[in-house]
Amino acid sequence: MHINVTDQKGKRHRLEALPGFRVMEIIRDWGLDIKAECGGACACATCHVHVGEQWTGSLIAPLEEEIDRLDEAFDVTADSRLSCQLIMSEELDGLEVTLAPGTEKDRAAA
Ligand code: FES
């Protein structure tokens, strides 16, 4: 099982993934540049990703808390999600996400 992550510089990474892990954790644990400041508590929006168009229908709908937090992020579009709120599962094998601007570790919190 894997996910495909395009980083802020446009480089694509194919990452092994395990079910039950947050997509944010997978990205972070493979050493990509993701701030994820709050550690997955849906409190920072520095794990913001754009989800590949073909995948948006496979994801569970965001809770109000996630929508509120995304309001504070940069570059929010209809395909924006917080990667800490996406839980890896068989259905998401091959998921495509792109790290949004403002998720780099050396940037100020969004
Ligand atoms: S890690 Fe903070 S909202 Fe996702």
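These numbers were taken from a predicted model, which means no experiment stands behind them.

### So, the overall build of the protein chain
Along its length, the protein chain carries 2 helices and 5 strands. Order of helices (α) and strands (β) in the protein chain, N terminus to C terminus: β-β-α-β-α-β-β. Its C-alpha radius of gyration of 12 Å places the protein chain within 12% of the 13 Å reference for a compact globule of 110 residues. Counting only C-alpha atoms and orienting by the principal axes, one finds that the protein chain spans roughly 30 × 30 × 25 Å. Every one of the 110 residues in the protein chain was classed for burial, and the buried ones make up 34%.

### Observations regarding the environment of A78
Positionally, A78 belongs in the loop between α2 (64-70) and β4 (80-82). Overall, the presence of 8 C-beta atoms within 10 Å leaves A78 in the exposed class.

### What to know about unusual backbone geometry
You will see that A36, though not glycine, has its phi angle at about 45 degrees, which is positive. Along the chain, A36 turns up in the loop between α1 (23-29) and β3 (48-51).

The rules behind each value
- Residues numbered from 1 in each chain as written.
- Predicted model: local features only at pLDDT ≥ 70, side-chain atom pairs only at ≥ 80, totals over all residues.
- Helix = DSSP H or I, 4+ residues; strand = E, 2+ residues; numbered from the N terminus.
- Rg over C-alpha atoms; globule rule 2.2 N^0.38 Å.
- Buried ≥ 20, exposed ≤ 12 C-beta atoms within 10 Å, placed from the backbone.

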